[in-house]
Amino acid sequence: MKLSAAMAAALLVASALPAAAQVSDNKVKIGILNDQSGVYADFGGKWSYEAAKMAVEDFGGKVLDMPIEVVTADHQNKPDIASNIARQWYDTGQVDAIMELTTSSVALAVQGLSKEKKKITLVTGAATTELTGKQCSPYGFHWAYDTNALAVGTGGALVKAGGDSWFFLTADYAFGYSLEAQTTKFLTSNGGKVVGSVRHPLSNADFSSFLLQAQSSGAKVIGLANAGLDTANAIKQASEFGIVAGGQRLAALLFTLAEVHGLGLEAAQGLSLTEGFYWDRDDASREFGKRFFARTKRMPNMIQAGTYSGVLHYLKAIAKAGADDTEKVAEAMRAMPVDDVFAKGGVVAKNGRMIHDMYLMEVKKPEESKQPWDYFKVLATVPGDQAYIKPSESGCPLAQ
Amino acid sequence: MTDVVLAPPAKRSKARGIALIAVGLVLLAVAPFVVYPIFVMKLLCFALFAAAFNLLLGYAGLLSFGHAAFFGGAAYFTAHAVKEWGLTPELGVLVGVAGAAALGLVVGFLAIRRQGIYFAMITLALAQMFFFFCLQARFTHGEDGIQGVPRGHLFGLIDLNQPLAMYGFVAVVFLAGMVAIHRITESPFGMILKSIRENERRATSLGISVGSYKLAAFVMSAALAGLAGATKALVFQFATLTDVGWQMSGEVILMTLLGGIGTMIGPVVGAAIVTALENYLATSDFPPTIVIGLAFMLCVLAFRRGVVGELLATRWGKRLAGRSED
């Protein structure tokens with residue numbers, strides 16, 4: 001009885017709430033939601049928040065004469081915490097857009113929620129192509145990279161560079177299989193072949209037997225279809241076995257500048273990987289890298305630079321649309337090309353995918369590195385239209 | 001004579017009990033207007049989960065290190081049933097609970113043959129097997145999880161997309177779960193569980209079939225944990241690997257320890273502390289994992305009976321509970 005009476009009262013109050021929320025709050029608020037204390041703390045982490053703040057400062061701190069605010073939260077890799085914070089930000093925090101969103105489960109959950117609430121999401125930290133595939137959203141954007149782009153970059157481009165026989169070390173779960181399958185597709189279509197593969201359990205500590213199998217297979221390239229700590233462990237142990245020194249090439253399918261920095265050049269030298277950004281690419285990116293370094297004491301990887309680019313593009317879209325209304329801003333974001341330090345001539349497709357060039361890199365030897373963070377040689381540039389799934393083939397209903 | 005002496009305190013304690021329940025109900029009714037409703041719903045789900053876990057640890061003395069399998073498993077079953085089969089939410093929750101109970105039957109059947117650390121290790125091992133099953137099975141969508149689960153209409157009538165309707169549903173599920181746990185622990189069945197906890201051999205010598213009682217308690221605890229997980233899947237509209245991982249099994253132990261093992265309210269308080277820390281530290285500069293770790297260390301070093309356990313151990317607490325022993 002008590003409950004139902006309270007419910008009735010509650011309903012009255014609740015019916016008054018949304019009306020208040022629709023009143024323009026005279027500011028643009030962006031939330032950066034990612035992992036800042038767990039396994040992905042270096043991948044994007046607090047540095048992405050810093051990159052977002054840089055973008056706001058570079059834009060002038062104001063859009064349409066309204067102040068811009070950036071808030072951040074650590075979702076600890078738990079989708080329920082992320083979803084809770086996202087809802088709270090939208091319902092009571094006057095947040096207009098949520099960005100970064102490291103890890104697939106979190107990104108899909110928040111994008112789904114934002115679709116329902118008609119808010120903009122821009123994902124830089126998660127890899128899954130589902131975001132712009134079946135589960136795409138008219139207000140959801142996927143910015144820095146995805147599993148397909150990584151597979152094309154490392155699989156396709158490396159074959160052209162001579163690495164035509166492969167052996168896979170694959171993490172034994174869906175993510176690993178899809179990386180392996182996608183990479184296999186691109187390397188066979190470029191004339192390469194797979195001589196063998198082995199599956200290792202997730203969070204594996206000892207890769208020696210897998211690496212020995214890979215070594216004795218005689219494959220020119222050993223592909224690491226795994227992520228995070230597994231990739232780092234495999235690389236470390238491969239260097240102990242002298243695999244790269246013995247003439248085989250090691251290719252990591254999901255690895256960035258931040259993780260190479262964590263491993264050190266001694267262990268990581270000779271590794272091939274694909275990223276959407278490298279700070280030492282041209283003058284503009286070097287200038288951006290130096291400014292980022294001055295604030296954070298580290299160089300940006302594609303997640304952090306991508307977050308910078310995403311925030312900037314969002315603000316430009318608000319300026320162009322003349323309002324912070326979600327529909328209009330999303331439309332403006334799709335209409336404008338992306339030209340900044342992160343991407344040159346980037347295009348935002350109908351399914352929300354930002355299509356831009358990817359880079360196949362090789363990690364330098366310690367003696368080749370002339371300054372701190374001088375880690376990569378760019379082996380090849382993969383044009384955006386080859387790197388990403390064609391919007392019409394993505395399975396996204398918006399792009400049909 | 002003894003009856004005359006005992007009657008008044010018992011009556012008084014009953015009155016106090018009713019007063020406490022009334023306070024709880026009022027809190028439950030007021031909470032969504034003071035705190036963000038989704039957060040309260042999450043808290044209630046974890047509170048029920050911890051209470052279900054406590055049913056096993058606090059009353060039967062069995063430390064399970066695999067309860068995430070029932071919690072997360074039910075979340076997957078419910079999410080799949082509602083999203084793919086198009087069941088209504090209440091049927092979806094039933095599917096989740098039934099699945100968790102069946103899982104509990106299998107795990108419990110194997111685990112109750114051993115005691116103490118071996119029991120904990122067997123539950124952990126079986127839960128990890130279930131985790132890897134969820135990682136690989138097609139219907140769970142690997143690390144993407146089952147996303148976009150519709151909340152649907154309760155009994156085909158009440159639209160659960162309304163925040164307050166959803167809150168009401170969660171509150172009712174929570175209350176029903178708590179009442180069930182209370183009934184179980186206060187029944188002769190619960191007394192027998194306590195006797196097994198205190199002295200298993202003596203219980204056997206009294207002709208009690210210890211194994212069946214343990215298994216029954218295990219299945220009930222699993223089913224209630226499943227109820228919590230199934231409800232959470234509807235609240236957040238997804239089911240992911242986070243809920244079946246061993247970290248979740250650890251988290252529920254932490255909640256129960258922090259709040260107080262073997263008390264009705266303890267796990268609820270513990271769940272509130274942990275979820276509040278996780279949520280409110282997320283937007284602060286303190287790393288949540290470290291702060292929660294410190295809280296756990298403090299609890300083990302300074303107040304081993306947990307927050308509620310220590311409160312009940314004080315003279316004021318004893319009077320409130322209306323009894324001197326226990």
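Residues numbered from 1 in each chain as written. Chains lettered and ligands numbered in written order. Predicted model: local features only at pLDDT ≥ 70, side-chain atom pairs only at ≥ 80, totals over all residues.

As annotated in an unreviewed UniProt entry, chain B carries the name Branched-chain amino acid ABC transporter permease and comes from Methylopila capsulata. Database annotation for chain B, UniProt heading Subcellular location (unreviewed entry): "Cell membrane". (UniProt positions renumbered as here; feature names shortened; annotations may be inferred.)

If you check an unreviewed UniProt entry, chain A appears there as ABC transporter permease from Methylopila capsulata. Under the UniProt heading Sequence similarities (unreviewed entry), the entry covering chain A gives this text: "Belongs to the leucine-binding protein family."

Peer 1: So what's going on with unusual backbone geometry? Residues and values would help.
Peer 2: Residue and element names in this part refer to chain A. Even without glycine at this site, Gln76 takes up a positive phi of about 55°. With respect to the element layout, Gln76 can be found in the loop between strand S3 (66-74) and helix H3 (79-92). Its 23 C-beta neighbours within 10 Å are what place Gln76 among the buried residues. In the Ramachandran plot, Leu101 falls in the positive-phi region, its phi being about 55° despite a non-glycine side chain. Topologically, Leu101 is positioned in the loop between strand S4 (97-100) and helix H4 (104-117). (Helix = DSSP H or I, 4+ residues; strand = E, 2+ residues; numbered from the N terminus. Buried ≥ 20, exposed ≤ 12 C-beta atoms within 10 Å, placed from the backbone.)

Peer 1: Any details on the nonpolar core? Residues and values, ideally.
Peer 2: Core analysis: the largest hydrophobic core is formed by 234 residues, its most contacted members being Ala52 of chain A together with Ala47, Leu48, Phe49 and Val170 of chain B. Per-element accounting of this core gives the leading share, 20 residues, to helix H2 (residues 37-60) of chain B. Phe49 of chain B has contacts with Phe71, Ala225, Ala228, Gly229 and Val252 of chain B, leaving out every residue within four places of it along the chain. (Core = buried A, V, L, I, M, F, W, Y, C linked by C-beta atoms within 7 Å. Contact = placed C-beta atoms within 7 Å.)

Peer 1: How would you summarise the sheet that holds S3 of chain A if you had to cite specific residues and measurements?
Peer 2: Within a sheet, neighbouring strands are paired by backbone hydrogen bonds and run either parallel or antiparallel to one another. All names here are of chain A. Taking strand neighbours across the sheet as the criterion, the 6 strands line up as S2-S3-S1-S4-S5-S6 in an open arrangement whose pairing is mixed. With one partner strand each, in any of the chains shown, strand S2 (62-63) and strand S6 (140-142) form the two edges of the open sheet. Alignment of strand S1 (residues 28-34) against S3, held across 7 bridges, turns out to be parallel. In the sheet register, Ile32 faces S3, and the bridge partner there is Thr72. Each of S1, S3 and S4 touches H3; the most contacted strand, S1, lies at about 175° to it. (Pairing = 2+ DSSP bridges. Axes fitted to C-alpha atoms, helices over the stretch in contact; angles between N-to-C directions.)

Peer 1: Could you give an account of the interface of chain B and chain A, naming the residues involved and the relevant values?
Peer 2: The interface is formed by 30 residues belonging to chain B together with 35 residues belonging to chain A. Every element with two or more residues in the side of chain B that touches chain A is listed here: helix H1 (2-34), H2, helix H5 (116-136), helix H6 (163-186), helix H11 (266-281) and helix H12 (288-302) of chain B. With 4 residues, the single largest contributor to the side of chain B that touches chain A is H1 of chain B.

Peer 1: With reference to specific residues and values, describe the packing of helix H4 (residues 89-111) of chain B against H5 of chain B.
Peer 2: Residue and element names in this part refer to chain B. Axis separation between H4 and H5 bottoms out at 9 Å; the angle between their running directions is 145°. Note that H4 runs across H5; the crossing there is right-handed. Residues Val107, Leu110 and Ala111 of H4 form the contact with H5, whose own contacting residues are Phe119, Ile122, Thr123 and Leu126. When the residues that make up the contact of H4 with H5 are grouped by side-chain class, the tally is 6 nonpolar, 1 polar and no charged. (Left-handed = near helix turned anticlockwise from the far one by under 90°. Nonpolar A, V, L, I, M, F, W, Y, C, P; charged D, E, K, R; others polar.)

Peer 1: Please give an account of the pairing of strand S14 (residues 358-363) of chain A that cites residues and values.
Peer 2: All names here are of chain A. Within S14, 6 of the 6 residues are buried, leaving the element largely enclosed by the surrounding structure. Alternating positions in S14 separate into two faces, Met358, Leu360 and Glu362 on one and Tyr359, Met361 and Val363 on the other, with burial throughout. Bridge analysis of S14 against strand S15 (residues 376-382) gives 6 bridges, and the strand direction is antiparallel. Within the sheet, the bridge partner assigned to Met358 lies in S15 and is Val382.

Peer 1: Mind laying out the pairing of strand S10 (residues 249-252) of chain A, listing which residues take part and the relevant values?
Peer 2: Successive residues of a regular strand alternate their side chains across the two faces of the sheet. Residue and element names in this part refer to chain A. The alternating pattern of S10 places Arg249 and Ala251 and Leu250 and Ala252 on opposite faces, both of which are buried. Taking the sense of rotation as the criterion, the β-α-β connection linking strand S9 (residues 221-225), helix H8 (residues 228-240) and S10 turns out right-handed. With 2 bridges joining them, S10 and strand S11 (residues 271-275) adopt parallel strand pairing. Paired with Ala251 across the two strands is Ser272, which belongs to S11. (Right-handed = clockwise from strand over helix to strand, strands pointing away.)

Peer 1: Just give me the short version of the domain arrangement of chain A, but keep the residues and values in it.
Peer 2: Residues and elements named next belong to chain A. By domain assignment, chain A separates into domain 1 (28-145 + 283-348) and domain 2 (154-275 + 358-381). Each of domain 1 and domain 2 has a C-alpha centre, and the two are 29 Å apart. With 9 residues of domain 1 at the contact, the number on the domain 2 side is 11 residues. Its residues assigned to classes, the side of domain 1 that touches domain 2 comprises 7 nonpolar, 1 polar and 1 charged. (Domains from an automatic or database assignment.)

Peer 1: Break down the environment of Ile235 of chain A for me, with residues and values.
Peer 2: Here Ile235 of chain A lies in helix H8. Once the C-alpha coordinates of Ile235 of chain A and Leu224 of chain A are considered, the two residues, 11 residues apart in sequence, prove to be 8.8 Å apart.

Peer 1: So what's going on with helix H12 (residues 302-321) of chain A? Which residues, and what values?
Peer 2: An α-helical segment advances 3.6 residues per turn. Residues three or four places apart therefore align on the same side. A rise of 1.5 Å per residue sets the reference length of H12 of chain A, with its 20 residues, at 28 Å; its end C-alpha atoms lie 27 Å apart and thus fit the reference within 8%. With its phi angle positive at about 75°, Gly322 of chain A sits one or two positions after the end of H12 of chain A. (Expected span 1.5 Å × (residues − 1).)

Peer 1: Outline the sheet that holds S11 of chain A, listing residues and values.
Peer 2: Residues and elements named next belong to chain A. Pairing within the open sheet is mixed, and its 7 strands lie in the order S8-S7-S9-S10-S11-S14-S15. At either end of the open sheet lies a strand with only one pairing partner, and these are strand S8 (193-200) and S15. Taking the axes of each pair of neighbouring strands and ignoring which way they run, one obtains an average angle of 25° across the sheet. Relative to S10, H8 is tilted by about 170°, and along the sheet it contacts strand S7 (165-171), S9, S10 and S11.

Peer 1: Please give an account of the UniProt feature "transmembrane region" (unreviewed entry) in chain B that cites residues and values.
Peer 2: Per the UniProt annotation, the sites labelled "transmembrane region" (unreviewed entry) are residues 18-40, 46-79, 91-111, 117-135, 164-184, 215-240, 252-274 and 286-303 of chain B. Helix makes up 79% of residues 46-79 of chain B and strand 0%. Its end C-alpha atoms lie 17 Å apart.

Peer 1: Tell me what's going on with helix H7 (residues 208-216) of chain A, and back it up with residues and numbers.
Peer 2: Residues and elements named next belong to chain A. Along H7, the positions that sit buried rather than exposed are Phe210, Leu211 and Ala214. The buried residues of H7 all sit within an arc of 95° when viewed along its axis, so they share a single face. Exposed side chains of H7 directed beyond 90 degrees from the buried face belong to Ser208, Ser209, Leu212 and Ser216. Contacts made by the buried residues of H7 are with S7, S8, S9 and H8. In the segment just after H7, Gly218 is the residue with positive phi, at about 75°. (Arc of directions from axis to C-beta.)

Peer 1: Would you mind going over the UniProt feature "domain: Leucine-binding protein" (unreviewed entry) in chain A in detail, with residue names and values included?
Peer 2: If you check UniProt for "domain: Leucine-binding protein" (unreviewed entry), the listed places come out as residues 27-364 of chain A in our numbering. Helix makes up 44% of residues 27-364 of chain A and strand 20%. Its end C-alpha atoms lie 45 Å apart.

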